[in-house]
Amino acid sequence: MSKADPTSFVSLDDFERYAEANLDRNALDYYRSGAQDMITVRENQRAFDRIIVRPRILRDVSTVDMSTSIQGASISSPICIAPTAMQRMAHPEGECATARAAERKNTCMVLSSWSTTSIEDVAASTKGQSPKWLQLYIYKDRKATQRLIERAQDSGYTAIALTVDTPYLGRRLADIRNRFRLPPHLTMANFSDQKSQVSQSKTTHVSDNASGLATYVASQIDPTLSWKHVEWVKSVSRIPVLVKGVLTAEDAKLAVEAGVDGIIVSNHGGRQVDTAPATIDALEEVCRAVDGRVEVYLDGGVRRGTDVFKALALGAKAVFLGRPVLWALNYNGEEGVVEMLEMINEELRLAMALTGCVSVSDIKRDHVRVLPQARL
Ligand SMILES: Cc1cc2nc3c(=O)[nH]c(=O)nc-3n(C[C@H](O)[C@H](O)[C@H](O)COP(=O)(O)O)c2cc1C
Ligand SMILES: CCCCC(=O)C(=O)O
């Protein structure tokens, strides 16, 4: 695999090609892998190709405004950053570099609770001028879970994205083969002061047994979780609570009934249950079920400006990028993430101009036609 030449990066794929040639196997496979045969990973991207854009013409597109808001906070464009764990494997400045890049582009970053930099250090690395959310798992240790929410609130995070698709970790074959382990100089930084509550021990902490990551998740995450726990998170949080990992109309309705403030349509980047639907295929049924009661967002496979356009046309308020951030981080830290965000933002600007949309509210359902779903 030849390393992509940074001077000729023309699409988000180029960042990935660069990282493929640059990252060590353990990190690269962890970042790019998905569950089992990775069918959903591929579908997340391919499904966008089954949606036809219907451009409108002659509408004076000399000025295009991509600004929007999420949970009441203004952002410069509907392209945000999804939570991905352990970013310091990609670059020494990891999550801080990502947060600074997000702030420079005035967009929202979601910090993984399994970050290699603490909630407080990430907050301190920015000026607090763009929204930061904390992604949360419900840990077996409820006090530790509640403490994470409090720490996020105290550090200026403005929402909690509660991940609900991970009662167990999906089966990721490459990580099992590689005996994935977090490099010894890194830690799950949000837990380093809580060893007694969150048993982050040498044996369970991403240990080097064959399913180290899965074992770690099984030791930490409570698989008994149900909707009443979502209500519990709401009851202990002063900031909005969103659920991340909804793929069906049925669950979207239950989420609204549980009082959530927003829904992220996500299949965890195809990393949990393989052959789950592509998120762009699930988006419309979720939006119909929600019927405008809360904001709906999407992540999974978004790689081009036209992908963002299609998600907005089908009802998403904003989209979140996962892996492209890791590839860009690996390429050039904060600057790399800024460059990647600028690239996809410019693609969105052009997609809007070429379809006759001068603001995100101009992007309507009839700007796209969805072709019949291919067989998986
Ligand atoms: C390496 C990696 C780590 C992730 N870690 C988390 C995490 O800690 N919490 C979480 O809710 N989702 C996590 N996700 C899922 C992302 O938030 C997001 O749903 C997904 O990556 C979006 O798809 P994309 O990578 O195709 O853009 C992770 C994804 C990847 C690729
Ligand atoms: C133990 C970290 C798991 C993070 C995660 O959500 C993922 O890898 O998809």
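Residues numbered from 1 in each chain as written. Chains lettered and ligands numbered in written order. Predicted model: local features only at pLDDT ≥ 70, side-chain atom pairs only at ≥ 80, totals over all residues. Heavy atoms only, no water.

K.L.:
What's the story with the side chain of His 268 in this structure? I'm lost.
P.N.:
As for its position among the elements, His 268 is in the loop between β9 (262-265) and α11 (279-290). Apart from residues lying up to four places away in sequence, His 268 is in contact with Tyr 137, Thr 163, Asp 165, Thr 166, Arg 172 and Lys 244. (Helix = DSSP H or I, 4+ residues; strand = E, 2+ residues; numbered from the N terminus. Contact = heavy atoms within 4.5 Å.)

K.L.:
Can you walk me through the site of ligand 2 in this structure?
P.N.:
Close contacts around ligand 2 come from Tyr 30, Ala 85, Met 86, Trp 114, Tyr 137, Arg 172, Leu 213, Tyr 216, Val 217, His 268 and Arg 271, and that covers them all. A distance of 2.6 Å separates an oxygen atom of ligand 2 from a polar atom in the side chain of Tyr 30. Residue Arg 172 places a side-chain N or O atom 2.7 Å away from an oxygen atom belonging to ligand 2. Out of a free accessible area of 290 Å², ligand 2 has 94% covered by protein chains. Considering each element in turn, the shell around ligand 2 owes the most residues, three residues, to helix α8 (residues 212-220). Across the shell around ligand 2, the residue classes tally to eight nonpolar, one polar and two charged. (Near = heavy atom within 4 Å. Polar contact = N/O pair within 3.5 Å; in protein donor to acceptor, adjacent residues only side chain to side chain. Areas by Shrake-Rupley, 256 points an atom, 1.4 Å probe, with all protein chains shown as cover. Nonpolar A, V, L, I, M, F, W, Y, C, P; charged D, E, K, R; others polar.)

K.L.:
Got a minute to help me understand the pattern of salt bridges in this structure?
P.N.:
When charged atoms on two side chains of opposite charge get close, those side chains can pair. Throughout the structure, instances matching the rule amount to 23 salt bridges. A salt bridge links Asp 49 to Arg 304; the shortest N-O distance between them is 2.5 Å. Of the two residues, Asp 49 is situated in helix α3 (residues 39-49) and Arg 304 in the loop between β10 (295-299) and α12 (305-313); the sequence distance between them amounts to 255 residues. The partner of Arg 349 in a salt bridge is Glu 346, with the nearest N and O atoms 3.3 Å apart. Remark: Glu 346 and Arg 349 occur in helix α13 (residues 323-354); sequence separation between them is three residues, near one turn of the helix. Look at Arg 349 and you get partly exposed, because its relative accessible area is 31%. Beyond isolated ion pairs, a larger network of salt bridges with shared partners links Glu 16, Arg 17, Glu 20, Arg 25, Asp 29 and Arg 32. (Salt bridge = Lys/Arg side-chain N within 4 Å of Asp/Glu carboxyl O. Buried < 20%, exposed > 50% of the residue type's maximum accessible area, 1.4 Å probe, protein only.)

K.L.:
Where do I start with the site of ligand 1 in this structure?
P.N.:
With respect to spatial proximity, 23 residues lie near ligand 1, and among them Pro 83, Ser 112, Thr 163, Asp 299 and Arg 303 are the closest. The separation between an oxygen atom of ligand 1 and a polar side-chain atom of Ser 112 is 2.7 Å. Taking Gln 135, its side chain carries an N or O atom lying 3.3 Å from a nitrogen atom of ligand 1. At the level of elements, α2 (25-32) and α13 are the ones that each hand at least two residues to the shell around ligand 1. Its residues assigned to classes, the shell around ligand 1 comprises eight nonpolar, 10 polar and five charged.

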